[in-house]
Amino acid sequence: MSEKVSICVIGSGYVGLVAAVCFAEMGHRVTCVDNDEPRVKTLNEGGVPIYEEHLPELLAKHRGRNVKFTCDLGAAVRRSEAIFIAVGTPQGDSGAADLSYVEAVVSEIARSIGDYKVIVEKSTVPVYTNEWICRVLHRYGVDPNSFDVVSNPEFLREGTAIGDFLHPDRIVVGAGTESAAEVMQRIYQPLTGGSYYSQPNALPGACSALHPAKLLVTSPQSSEIIKHASNAFLALKISFINAVGNLAEAVDADIEDIAAGIGLDSRIGPKFLRAGLGYGGSCFPKDVAAFHWVAQQCDVDFQLLEEVRKINETQRDVFYNKVLSALWTLRGKRLAALGLAFKGDTDDIRDSPAIEIVKKLLDAGALVSGFDPEAMERSKEILPPSETLNYASDIYEAARDTDAVLILTDWKAFATLDLQRLKQAVRFPIVIDGRNLYKPQTMLEHGFTYVSMGRPASHQDQLGQAAKQNARSRRESMVTPLSGRCLPFAPST
Ligand code: NAD
Ligand code: UGA
């Protein structure tokens with residue numbers, strides 16, 4: 001039988017808010033604290049500050065009942081057994097994570113600890129943060145017997161955050177004491193014991209009462225490293241496929257076929273092998289940098305992570321150069337930018353490749369018409385509408401009279417375009433797709449010149465024929481002994 005635990009979650013961002021409503025959904029009593037007063041007001045008045053599937057329903061179900069929102073951290077800490085820290089850990093100048101938000105929260109917690117509390121690192125933090133939190137609490141004179149600090153990294157993805165939280169691949173708990181591990185096991189019991197999945201209104205997903213979530217207990221250091229290493233490994237997969245994609249393109253191969261062929265190896269798997277503009281978002285870029293910084297501090301050579309970063313940055317230039325190759329010059333060219341969020345299904349634009357590309361196009365004198373199903377309000381805050389940038393109300397309005405349509409985010413709506421309608425809207429039928437949402441043949445059949453990532457372009461025009469000829473000559477030079485770059489498998493004639 002699962003027991004209710006009183007929980008305080010500090011931070012009501014993508015992780016804090018999702019964790020708070022999911023703990024409430026699991027039957028716990030939750031107080032979610034944020035020092036952003038307007039945000040807390042919005043939450044208390046029924047608003048939903050971020051776009052996330054299932055979040056509005058769960059908030060409506062639990063707000064004011066199992067989950068309450070407040071700015072009063074002290075009171076929330078006093079009434080809770082477990083305190084989850086879910087504030088931002090952005091990248092600092094050296095690449096290291098900036099832990100000042102975490103430290104600020106810990107010093108506030110210190111003032112309110114009375115009886116035993118488990119303090120949980122939910123934010124992504126470097127190894128030994130656990131020890132630092134203990135040290136800060138000691139400095140504030142907190143009785144060492146009145147708390148334990150545990151690491152419980154979060155692996156949710158934006159866009160599928162609620163499903164990921166309630167149906168996790170794994171729950172990792174880095175605990176130094178049995179009493180802290182026991183509190184964490186009680187909190188996750190509805191998922192690990194399966195009782196949550198037996199409820200009639202449980203959110204469906206990969207876990208079930210028969211196959212409940214798995215919880216792994218490790219040391220705090222191992223748990224902290226599991227989080228950094230997981231994100232770094234996923235980023236590495238993406239950079240790897242992008243590097244292979246650039247090679248594929250140089251030899252007229254198709255990265256989509258290659259990724260399918262690689263991914264069928266069960267040791268590799270098909271996920272995170274989508275070539276494109278590279279990874280963005282508030283986590284992979286900063287976590288790869290922070291993990292590299294950790295390795296450097298420990299005198300461990302982990303240059304691989306620097307290569308992952310470099311390949312990722314290059315992808316944005318690769319795409320930009322494709323736009324230049326397709327359009328020659330950019331000043332005064334009208335371009336539709338489909339997508340502003342860092343990936344589909346989110347309104348988050350932090351470190352979005354799409355935003356960076358739009359900025360670069362505007363700097364080059366292009367006239368951009370942007371559209372994103374959910375991220376336009378946030379985009380307007382950093383790229384306000386101007387003479388050269390407008391925000392369209394739908395895809396086809398964005399495409400109207402444009403010299404080319406650029407696909408920058410993998411929203412489903414962009415993968416299912418009405419291609420006839422699109423062709424009628426544009427000035428020239430050119431689509432430059434940074435997310436490989438279409439088969440080149442389909443675009444060709446609909447009369448588009450189609451340029452994508454890691455695949456040969458499909459051209460409608462004479463210039464395209466010239467590009468094809470160039471690729472053919474490159475191939476000739478690689479298989480002809482005269483070039484001095486004879487491939488090992490080239491026929492010996
Ligand atoms: P976020 O910026 O969306 O939210 C952080 C929240 O903390 C903000 O609402 C902010 O007002 C609040 N906050 C800051 N200082 C505070 C204080 N002193 N008291 C109370 N509230 C305070 O950040 P996020 O995307 O939710 O990420 C939080 C952490 O979780 C980061 O370490 C991140 O790396 C990690 N993480 C994020 C994701 C993700 O998909 N976004 C997934 C896994 C882990
Ligand atoms: C990622 C991880 O997937 C989560 O497990 C982790 O909890 C989270 O970071 C975090 O620590 O914050 P998220 O950033 O929400 O989640 O998004 P992902 O779906 O992982 O995508 C990240 C970026 O990689 C996006 O820009 C996406 O477009 C790109 N990507 C992803 C690719 O370019 N190719 C792929 O095959 C997959």
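Residues numbered from 1 in each chain as written. Chains lettered and ligands numbered in written order. Predicted model: local features only at pLDDT ≥ 70, side-chain atom pairs only at ≥ 80, totals over all residues. Heavy atoms only, no water.

## A short note on the overall build of the protein chain
Step number 1: For the protein chain, the helix and strand inventory stands at 20 helices and 14 strands.
Step number 2: Against the 2.2 N^0.38 benchmark of 23 Å for 493 residues, the protein chain shows a C-alpha radius of gyration of 25 Å, consistent with a compact globule.
Step number 3: Overall, the protein chain is about 80 × 55 × 45 Å in size when its C-alpha atoms are taken along their principal axes.
Step number 4: Of the contacts made within the protein chain by residues no fewer than 6 positions apart, 70% connect residues no fewer than 24 positions apart.
Step number 5: If you sum the accessible surface of the protein chain, you get close to 23,000 Å²; carbon and sulfur atoms cover 53% of it.
Step number 6: The centroid of the 51 positive side-chain charges in the protein chain is displaced by 3 Å from the centroid of its 61 negative side-chain charges. (Helix = DSSP H or I, 4+ residues; strand = E, 2+ residues; numbered from the N terminus. Rg over C-alpha atoms; globule rule 2.2 N^0.38 Å. Contact = heavy atoms within 4.5 Å. Areas by Shrake-Rupley, 256 points an atom, 1.4 Å probe, with all protein chains shown as cover. Lys, Arg positive; Asp, Glu negative; His and termini not counted. Charge placed at Lys NZ, Arg CZ, Asp CG, Glu CD.)

## Some words on the domain arrangement of the protein chain
Step number 1: According to the domain assignment, the protein chain contains domain 1 (6-218), domain 2 (227-313) and domain 3 (315-464).
Step number 2: Computed from C-alpha coordinates alone, the two centres of domain 1 and domain 2 are separated by 29 Å.
Step number 3: For the pair domain 1 and domain 2, the summed buried surface comes to about 1,000 Å²; carbon and sulfur atoms form 65% of the total.
Step number 4: In this structure, the connection of domain 1 to domain 2 is made through zero salt bridges.
Step number 5: Run the count over domain 1 and domain 2 and you get four residue pairs in polar contact (both at pLDDT 80 or more). (Domains from an automatic or database assignment. Buried area = accessible area lost by both parts, 1.4 Å probe. Salt bridge = Lys/Arg side-chain N within 4 Å of Asp/Glu carboxyl O. Polar contact = N/O pair within 3.5 Å; in protein donor to acceptor, adjacent residues only side chain to side chain.)

## Some details on the sheet that holds strand E10 (residues 367-371)
Step number 1: Read from one edge to the other, the open sheet built from six strands follows the order E11-E10-E9-E12-E13-E14, with strand pairing classed as parallel. The outermost strands of the open sheet, each flanked by one partner alone, are strand E11 (389-391) and strand E14 (449-451). Across the sheet, the mean angle separating the axes of adjacent strands is 20° when strand polarity is ignored.
Step number 2: Where strand E12 (residues 404-407) lies against strand E13 (residues 430-433), three bridges are found, and the strand directions are parallel. Across the sheet, the residue bridging to Ile407 is Asp433, located in E13.
Step number 3: Across the sheet, helix H13 (residues 304-327) lies against strand E9 (334-338), E12, E13 and E14, angled at about 165° from E13, the strand it touches most.
Step number 4: Strands E9, E10, E11 and E12 of the sheet are contacted by helix H14 (residues 353-363), whose axis makes an angle of about 160° with E10. (Pairing = 2+ DSSP bridges. Axes fitted to C-alpha atoms, helices over the stretch in contact; angles between N-to-C directions.)

## Regarding the site of ligand 2
Step number 1: Around ligand 2, 20 residues are found, and the nearest of them are Phe155, Leu156, Glu158, Lys227 and Cys283.
Step number 2: The contact in question runs from an oxygen atom of ligand 2 to an N or O atom on the backbone of Glu158, over 2.8 Å.
Step number 3: In this structure, Leu273 approaches ligand 2 through a main-chain N or O atom, which is 3.3 Å from an oxygen atom.
Step number 4: In isolation ligand 2 exposes 710 Å². Once the protein is present, 93% of that is buried.
Step number 5: Listed by contribution, the elements that provide at least two residues to the shell around ligand 2 are helix H10 (220-250) and helix H12 (284-297).
Step number 6: Of all the elements, H10 adds the most residues to the shell around ligand 2, at three residues.
Step number 7: Its residues assigned to classes, the shell around ligand 2 comprises nine nonpolar, three polar and eight charged. (Near = heavy atom within 4 Å. Nonpolar A, V, L, I, M, F, W, Y, C, P; charged D, E, K, R; others polar.)

## Considerations on the packing of H10 against H12
Step number 1: Closest axis-to-axis distance for the H10/H12 pair is 9 Å, and the angle between their directions is 115°. Seen along the crossing, H10 lies across H12 with a hand that is left-handed. Contacts between H10 and H12 pair Ile225, His228, Ala229, Asn231, Ala232, Leu234, Ala235 and Ile238 from the former with Phe284, Asp287, Val288, Ala290 and Phe291 from the latter.
Step number 2: In the contact of H10 with H12, the residues fall into ten nonpolar, two polar and one charged. (Left-handed = near helix turned anticlockwise from the far one by under 90°.)

## Observations concerning the packing of aromatic side chains
Step number 1: Overall, the coordinates contain nine aromatic pairs when judged by the stated rule.
Step number 2: Seen from their ring centres, Phe371 and Phe414 are 6.4 Å apart, and the 70° between their planes marks the pair as edge-to-face. Separated by 43 residues along the polypeptide, Phe371 in strand E10 and Phe414 in helix H17 (residues 412-415) bring together distant segments of the chain.
Step number 3: Take Phe371: its relative accessible area is 10%, and that puts it in the buried class.
Step number 4: What links up through ring pairs into an aromatic cluster is the set Phe23, Phe84, Phe165 and Tyr188.
Step number 5: Between the NZ or CZ atom of Arg170 and the centre of the ring of Phe155, over which it lies, the distance is 3.6 Å.
Step number 6: Cation over ring: Lys360 sits above Tyr320, and NZ or CZ is 4.5 Å from the ring centre. (Phe/Tyr/Trp six-rings, centres within 6.5 Å; stacked < 30°, edge-to-face > 60°. Buried < 20%, exposed > 50% of the residue type's maximum accessible area, 1.4 Å probe, protein only. Lys NZ or Arg CZ within 6 Å of the ring centre and 35° of its normal.)

## Details of the pairing of strand E6 (residues 147-151)
Step number 1: Burial analysis of E6 places five of its five residues in the buried class, the great majority of the element.
Step number 2: Residues Phe147, Val149 and Ser151 line one face of E6 and the alternating positions Asp148 and Val150 line the opposite face, and both faces are buried.
Step number 3: Judged from the five bridges that link them, strand E5 (residues 117-121) and E6 form a sheet pairing that is parallel. Residue pairing in the sheet places Lys117 in a bridge with Phe147 of E6.

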